[in-house]
Amino acid sequence: MVIVTKREATQEQVEAVVKRIEGVGLKAQVSTGEQHTVIGVIGDKTLLGDIPIDSMSGVERTMPITAPFKLASRQFREEPTVIAVNGTKIGGKQLAVMAGPCAVESAEQIVTIAQHVKKAGAQFIRGGAFKPRTGPYSFQGYGIDGLKMLMAAKEETGLGIVTEVMTPHEVELVGEYTDIFQLGTRNMTNFYLLREVGQAGKPVILKRGMASTIEEWLLAAEYILAEGNPDVILCERGIRTFETHTRNTLDLNAVPVIHELSHLPIVVDPSHGTGIRSLVSDMTKASVAAGADGLLLEVHHDPDHSMTGDGAQSLFPTQFETLMRELKPIAIAVGREI
Ligand code: PEP
Ligand code: MN
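Residues numbered from 1 in each chain as written. Chains lettered and ligands numbered in written order. Predicted model: local features only at pLDDT ≥ 70, side-chain atom pairs only at ≥ 80, totals over all residues. Heavy atoms only, no water.

Here's the deal with empty space enclosed by the protein
Link 1 in the chain: All chains considered together, the criterion is met by 1 cavity of 30 Å³ or more.
Link 2 in the chain: Computed from the structure, the largest cavity encloses a volume of approximately 30 Å³.
Link 3 in the chain: As for the largest cavity, its lining consists of Cys102, Arg126, Gly127, Gly128, Lys131, Val162, Thr163, Glu164 and Gln182.
Link 4 in the chain: A per-element tally of the lining of the largest cavity places strand E9 (residues 160-164) first, with 3 residues.
Link 5 in the chain: Its residues assigned to classes, the lining of the largest cavity shows 2 nonpolar, 4 polar and 3 charged. (1 Å grid on protein atoms, 1.4 Å probe; cavity = no way out; pocket = protein on both sides within 12 Å on 5 of 7 lines; lining within 4 Å. Points joined across faces, edges and corners; volume = space filled by probe spheres on them. Helix = DSSP H or I, 4+ residues; strand = E, 2+ residues; numbered from the N terminus. Nonpolar A, V, L, I, M, F, W, Y, C, P; charged D, E, K, R; others polar.)

Let's talk about the site of ligand 1
Link 1 in the chain: Taken together, the residues surrounding ligand 1 are Cys102, Arg126, Lys131, Glu164, Gln182, Gly184, Thr185, Arg186, Lys207, Arg237, His272 and Glu298.
Link 2 in the chain: Note that an oxygen atom of ligand 1 is positioned 2.8 Å from one of the backbone N or O atoms of Thr185.
Link 3 in the chain: Side-chain polar atom of Arg237 to an oxygen atom of ligand 1: 2.7 Å apart, as the coordinates give it.
Link 4 in the chain: Taken by itself ligand 1 offers 290 Å² of open surface, and the protein chains cover 97% of this. (Near = heavy atom within 4 Å. Polar contact = N/O pair within 3.5 Å; in protein donor to acceptor, adjacent residues only side chain to side chain. Areas by Shrake-Rupley, 256 points an atom, 1.4 Å probe, with all protein chains shown as cover.)

Some details on unusual backbone geometry
Link 1 in the chain: Although it is not a glycine, Asn86 adopts a positive phi angle of roughly 50°.
Link 2 in the chain: Residue position: Asn86 is located in the loop between strand E5 (83-85) and strand E6 (88-90).

Some thoughts on the side chain of Arg126
Link 1 in the chain: Within the fold, Arg126 resides in strand E8 (residues 124-126).
Link 2 in the chain: Of note is the side chain of Arg126, whose polar atom sits 3.5 Å from the side chain of Glu298.

Section: the coordination of the manganese ion (ligand 2)
Link 1 in the chain: Coordination of the manganese ion (ligand 2) by the protein involves Cys102 (SG), His272 (NE2), Glu298 (OE) and Asp310 (OD), with metal-donor separations of 2.0 to 2.4 Å.
Link 2 in the chain: Positions of the donor residues of the manganese ion (ligand 2), expressed as sequence spacing, correspond to C-x169-H-x25-E-x11-D. Pair noted here: His272 is in helix H8 (residues 270-274) and Glu298 is in strand E14 (residues 294-298), with a separation of 26 residues, a long-range link. (Donors = N, O, S within 2.8 Å, 3.2 Å for Na, K, Ca; no water.)

Looking at the sheet that holds strand E12 (residues 232-236)
Link 1 in the chain: On the basis of which strands lie adjacent, the closed barrel formed by 8 strands has the order E7-E8-E9-E10-E11-E12-E13-E14 and parallel pairing. When the angles between neighbouring strand axes are averaged without regard to direction, this sheet yields 25°.
Link 2 in the chain: Here 3 bridges tie E9 to strand E10 (residues 180-183), and the two strands are oriented parallel to one another. Across the sheet, the residue bridging to Glu164 is Gln182, located in E10.
Link 3 in the chain: Sheet contacts for helix H5 (residues 191-198): E10 and strand E11 (204-207); angle to E10, the most-contacted strand, approximately 170°. (Pairing = 2+ DSSP bridges. Axes fitted to C-alpha atoms, helices over the stretch in contact; angles between N-to-C directions. Contact = heavy atoms within 4.5 Å.)

Regarding the nonpolar core
Link 1 in the chain: Among the nonpolar cores identified, the biggest contains 42 residues, and Leu183, Leu206, Trp217 and Leu234 are the most heavily contacted of them.
Link 2 in the chain: Looking at this core, the elements with two or more residues in it are helix H4 (171-175), E10, H5, E11, helix H6 (214-226), E12, helix H7 (254-261) and strand E13 (266-268).
Link 3 in the chain: Looking at this core element by element, the count peaks at 8 residues for H6.
Link 4 in the chain: In this structure, Trp217 is in contact with Met188, Leu206, Lys207, Arg208, Leu234, Cys235, Glu236, Ala254, Ile258 and Ile266, ignoring residues within four places of it in sequence.
Link 5 in the chain: In this structure, Leu95, Ile161, Val288 and Ala331 belong to the second largest nonpolar core, which totals 28 residues. (Core = buried A, V, L, I, M, F, W, Y, C linked by side-chain atoms within 4.5 Å. Buried < 20%, exposed > 50% of the residue type's maximum accessible area, 1.4 Å probe, protein only.)

Re the domain arrangement of the protein
Link 1 in the chain: Taken as a whole, the protein is organised into domain 1 (2-63) and domain 2 (83-333).
Link 2 in the chain: Relative placement of domain 1 and domain 2: their C-alpha centres are 35 Å apart. (Domains from an automatic or database assignment.)

Here it is as structure tokens:
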């Protein structure tokens, strides 16, 4: 259920409603919009008993949320969520561009790539220090040393950091370095991890599970939101289908669907979505045309020597630069800036 407050409701009135809700053991989430403040009630609403919420001072009306995800829904919040991080607003007019290698491989590698992507107009450097590899003998990332290398790249370029966290007990450590936590496709339903980043006080990119429906994905986002972290960015990265030509099938339907169902920003990862370098630029353009709020792209200056298998889907810096230039008219055509 959501409680929509009157336009002229005072802070004290909103607080009084929140207190009443919390007083019976329910959780209240306040979302301040341009027109109204909305209070989401989380938990078993029969606990409200006879409390006359509808007639409390400052309350305009109460509304059930019919979607299984509540805080993530458009019913809870009409306006898009805009997340300000490291000087960039994600979910607003400007496209957020996060680019870099699959994994951090050395300080020199990450700094070099960061300089390239910064020059081409990206706002974030991406790169994994903890890598979720399909096989246990593959390179698993440099861990804390990788985080330090990312920090060196940030210091050198001013770019924000996006890096993956895989387990609840590493959230604190990764949070000391990153600006945005990345939760990978394999961890979309790791509910302990979702809850932990929900308490970490930093934005989270939640990648869609490779075999997850949009509803399951939004329910995963709900875990993070329900812990009090409103800064969730969804990332479409392709799903498994019967098609084998591409690594995954990039489900661009998800972009307008998410905008219909949710106020949360959505970025697209055409690198994992295709798995093939020659397809990445076209699918990036399609992502922007479909209304993506941002992009997560793999870029490597020497992909043939990449330590993960993702060299084949990584753009060369010059390709990335060209792509950024070619995206401009597309972005403008759909009311965005780049
Ligand atoms: C990645 O971004 O390098 C990655 C491992 O992504 P995903 O979780 O989408 O496979
Ligand atoms: Mn990768």
